[in-house]
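Each chain, letter by letter, is given below.
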Amino acid sequence: MKILHVVRRYGPVGGMERYVWELTHELRRLGHEVEVLCEICLAEKPADIAVHELGEIARRPRWLSLLRFGWRAARWLKTHPHPDWLVHSHERISVHDVTTFHGPPFAGVFEKPFWRLLSLRVLMQLYLERRELTSPHCIVPNSQVISEQLAHYYPQLAGKLTVPVVPGVQPGKLRVQRTVPAGGGVVGFVGKEWRRKGLPLAAEIVARLRRTRPELELWVVGPQAEEVRHLFAGWQGGYRLLGWSGQSYYAEFDVLLHPARSEPYGMVISEAMSARVPVVLSDVCGAAAQVMPVAGAILPLDASVERWAEETEKQLCRSDTPPQFVRGWAEVAREYETIYRKVPETNPT
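Draft legend 1. Representation of the side chain of Lys-197 within the structure. Mapped onto the fold, Lys-197 is located in the loop between β9 (186-190) and α5 (199-209). Assessed through its relative accessible area of 11%, Lys-197 is described here as buried. A distance of 2.7 Å separates the side chain of Lys-197 from the side chain of Glu-263, its partner in a polar contact. In this structure Lys-197 touches Phe-189, Val-190, Gly-191, His-258, Pro-259, Ala-260 and Glu-263, once residues within four positions along its chain are discounted.

Written out as structure tokens, the structure is:
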């Protein structure tokens, strides 16, 4: 097959971007011809994948950035026809055969007060989202949560939805089996978007646990230290603000805490499970579908701090090590092969 992937930033620089990066490489290894159309490539260009850069676009306002990228992509495809190629987009464009939906639908704004709709930004975001979903033959959600949300907000398009294709995991260093000291341990939190991913609640949970585990530490990976230091104003030690260096700390954690308010998937959850680290997460995380009882605990978002602390304590006290979560990117690529074969061969681009 010949597949053209469309993404604004090409490179392993974020959750969605890593998904595209790993998928395109695996499709190439499977023998398919792969090209990428992007604003900018943020890694060394692969020798066997042609990467076409359109040039960076101002990031704000976001809706205008998305609209301009869509225009550029359409013009490029008109100037460089790909009649025998399948166009697989990860962006808000209109000239694609398959789209992968990586985040919560913007149409969720309809659940908010009506006056939230009265802005050009909201109207344009809704237009771009509907256009992205209406144009292709197939819509691929990256989690069951996203699939259900799309079917709810766009019931007329539900027939285009495929089975979810969740991200793969790159194997890394495993957590060694160990007994966590009765008074200590390491709770990990990972995420740049720390508010949405629940760091304030995580800090409350660990602060409560430190009443009986005075040596317990919370390691925060992702946000810059100055962004979140205020959350620990009353602490006397017990935390590390590690920023984002690209280094993996999973093997050092005794449990990953992820009480996110909204999380389309949550690759940090599957990455922790891949390192055999127990997890405690909220039930709004898309990755919850991959979390078996032996891997940790899933709690309602509105559970009390006491309940969160109890479940985290249970994971700290366990004497066994969870089985390793395994999902290779080659498996992801093979699932896409199945989807691609269902797309009609006629392609106007």
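Draft legend 2. Molecular detail of unusual backbone geometry. Cis geometry marks the peptide bond from Arg-60 to Pro-61, where omega comes out at -5 degrees. Even without a glycine there, the phi angle at Arg-276 is positive, about 65 degrees. Along the chain, the position of Arg-276 falls in the loop between α7 (267-274) and β13 (279-282). Assessed through its relative accessible area of 28%, Arg-276 is described here as partly exposed.

Draft legend 3. Expanded view of the nonpolar core. With 53 residues, the main nonpolar core has Tyr-10, Phe-253, Leu-256, Ile-269 and Tyr-336 as its most contacted residues. Elements represented by at least two residues in this core include exactly α1 (15-29), β3 (33-38), β8 (138-141), β9, β10 (217-221), α7, β13 and α9 (329-340). Broken down by element, the residue count for this core peaks at six residues, all from α9. Residues within four places of Leu-256 in sequence aside, it is in contact with Gly-188, Val-190, Tyr-250, Val-268, Ile-269, Ala-272, Val-277, Pro-278, Val-279 and Val-280. Val-180, Ala-202, Ala-203 and Leu-241 belong to the second largest nonpolar core, which has 28 residues in total.

Draft legend 4. Structural view of the packing of α1 against α9. Contact pair α1 / α9: the axes reach a minimum separation of 9 Å and the direction vectors enclose 75 degrees. Our classification of the angle between α1 and α9 gives roughly perpendicular. Taken together, the residues of α9 that come into contact with α1 (itself represented by Arg-18, Tyr-19, Glu-22, Leu-23, Glu-26 and Leu-27) are Trp-329, Ala-330, Val-332, Ala-333, Tyr-336 and Tyr-340.

Draft legend 5. Quick look at helix α2 (residues 62-79). With 18 residues, α2 ought to run about 26 Å at 1.5 Å a step, and its terminal C-alpha atoms sit 26 Å apart, in line with that. Looking at α2, one finds that the buried residues are Trp-63, Ser-65, Leu-66, Leu-67, Phe-69, Gly-70, Ala-73, Trp-76 and Leu-77.

Draft legend 6. Representation of the side chain of Thr-100 within the structure. If you trace the backbone, Thr-100 turns up in strand β7 (residues 98-101). Side chain to side chain, Thr-100 and Tyr-336 meet in a polar contact 2.8 Å long.

Draft legend 7. Highlighting the packing of aromatic side chains. Within the structure shown, the criterion is met by 10 aromatic pairs. Ring centres of Tyr-336 and Tyr-340 lie 5.8 Å apart, and the angle between their planes is 35 degrees; on these two criteria the pair is classed as tilted. With Tyr-336 and Tyr-340 both in helix α9, this residue pair falls four residues apart, about one helical turn. The residues Tyr-336 and Tyr-340 share a single accessibility class, namely buried. Grouped by ring-pair contacts, the aromatic residues Tyr-19, Trp-329, Tyr-336 and Tyr-340 constitute a single cluster.

Draft legend 8. Structural detail: the packing of α5 against helix α8 (residues 305-317). It is at 9 Å that the axes of α5 and α8 come closest, and there the two elements cross at 65 degrees. With respect to α8, the element α5 is oriented roughly perpendicular. With respect to the hand of their crossing, α5 and α8 are arranged in right-handed fashion. For the pair α5 and α8, contact is made by Leu-201, Glu-204, Ile-205, Arg-208 and Leu-209 and by Val-305, Glu-306, Trp-308, Ala-309, Thr-312, Glu-313 and Leu-316, respectively. The class makeup of the residues in the contact of α5 with α8 is seven nonpolar, one polar and four charged.

Draft legend 9. Focus on the confidence of the model for the protein chain. Confidence in the prediction for the protein chain averages 93 pLDDT; 99% of positions are at 70 or higher. Least confident of the elements in the protein chain is helix α3 (residues 120-134), whose mean pLDDT is 92; most confident is strand β12 (residues 255-258), at 98.

Draft legend 10. The sheet that holds β7, seen in detail. Spatially, β5-β3-β1-β6-β7-β8 is the arrangement adopted by the six strands of the open sheet, whose pairing is parallel. Each having just a single partner strand, β5 (50-53) and β8 make up the two edges of the open sheet. Across the sheet, the mean angle separating the axes of adjacent strands is 20 degrees when strand polarity is ignored. When β3 meets β5, the two strands line up parallel, connected through four bridges. Counted as the bridge partner of Cys-38 is Glu-53 from β5. Strands β1 (2-6), β3, β6 (86-89) and β7 of the sheet are contacted by α1, whose axis makes an angle of about 170 degrees with β1.

Each value, and the rule that gives it
Residues numbered from 1 in each chain as written. Predicted model: local features only at pLDDT ≥ 70, side-chain atom pairs only at ≥ 80, totals over all residues. Heavy atoms only, no water. Helix = DSSP H or I, 4+ residues; strand = E, 2+ residues; numbered from the N terminus. Buried < 20%, exposed > 50% of the residue type's maximum accessible area, 1.4 Å probe, protein only. Polar contact = N/O pair within 3.5 Å; in protein donor to acceptor, adjacent residues only side chain to side chain. Contact = heavy atoms within 4.5 Å. Core = buried A, V, L, I, M, F, W, Y, C linked by side-chain atoms within 4.5 Å. Axes fitted to C-alpha atoms, helices over the stretch in contact; angles between N-to-C directions. Parallel < 35°, antiparallel > 145°, perpendicular 65-115°, else oblique. Expected span 1.5 Å × (residues − 1). Phe/Tyr/Trp six-rings, centres within 6.5 Å; stacked < 30°, edge-to-face > 60°. Left-handed = near helix turned anticlockwise from the far one by under 90°. Nonpolar A, V, L, I, M, F, W, Y, C, P; charged D, E, K, R; others polar. pLDDT = per-residue confidence, 0-100. Pairing = 2+ DSSP bridges.

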